[in-house]
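Spelled out, the chains give:
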Amino acid sequence: MRIPMNILFFVIVLICLERVVTLAIKGDLFKPGALQDSFKELGKTVWLGMRLFVIFWILYLAFLYWVQHRP
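Quick summary incoming for the structure in this document. Everything numeric in this text was worked out from a predicted model, so none of it was measured.

Quick notes on the pattern of salt bridges
- A full pass over the atoms with the stated rule returns two salt bridges.
- One salt bridge in this structure joins Glu-18 and Arg-19, with 3.9 Å as the shortest N-O distance.
- You can call Arg-19 buried: its relative accessible area is 16%.
- Ionic pairing is found between Lys-31 and Asp-28, a salt bridge with its closest N-O pair at 3.1 Å.
- Overall, Lys-31 belongs to the partly exposed group, its relative accessible area being 49%.

Next up, the structure:
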């Protein structure tokens, strides 16, 4: 499945705007380091999601191998 680059760019821009708007609503937008901390938290969440995806993908491949090579 191919995702057009403009859709990917649009999603990234929406995520960034969501972080900025959330901080603005809380009133933390102009506090020192608030924006960096918000994106640091986002990075940790994305990294965790990628690791979980890889783990489930490997388990799925192992399951497929097991199903195809059963006696």
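Once the structure has been displayed, the description carries forward.
What to know about the environment of Leu-35
- Of note, Leu-35 is situated in helix 2 (residues 34-68).
- In sequence terms Leu-35 and Leu-23 are twelve residues apart; their C-alpha atoms lie 7.5 Å from each other.
- Each residue touching Leu-35, except ones within four places of it in the same chain, is listed here: Val-20 and Leu-23.

Things to note about the packing of aromatic side chains
- All chains considered together, the criterion is met by one aromatic pair.
- Ring geometry for Phe-63 against Trp-66: centres 6.1 Å apart, planes inclined by 35°, an arrangement best described as tilted. Residue Phe-63 and its partner Trp-66 are both found in helix 2; the two are separated by three residues, about one turn of the helix.
- Looking at Trp-66, the relative accessible area reads 49%, which means it is partly exposed.

Rules behind the numbers
- Residues numbered from 1 in each chain as written.
- Predicted model: local features only at pLDDT ≥ 70, side-chain atom pairs only at ≥ 80, totals over all residues.
- Heavy atoms only, no water.
- Salt bridge = Lys/Arg side-chain N within 4 Å of Asp/Glu carboxyl O.
- Buried < 20%, exposed > 50% of the residue type's maximum accessible area, 1.4 Å probe, protein only.
- Helix = DSSP H or I, 4+ residues; strand = E, 2+ residues; numbered from the N terminus.
- Contact = heavy atoms within 4.5 Å.
- Phe/Tyr/Trp six-rings, centres within 6.5 Å; stacked < 30°, edge-to-face > 60°.

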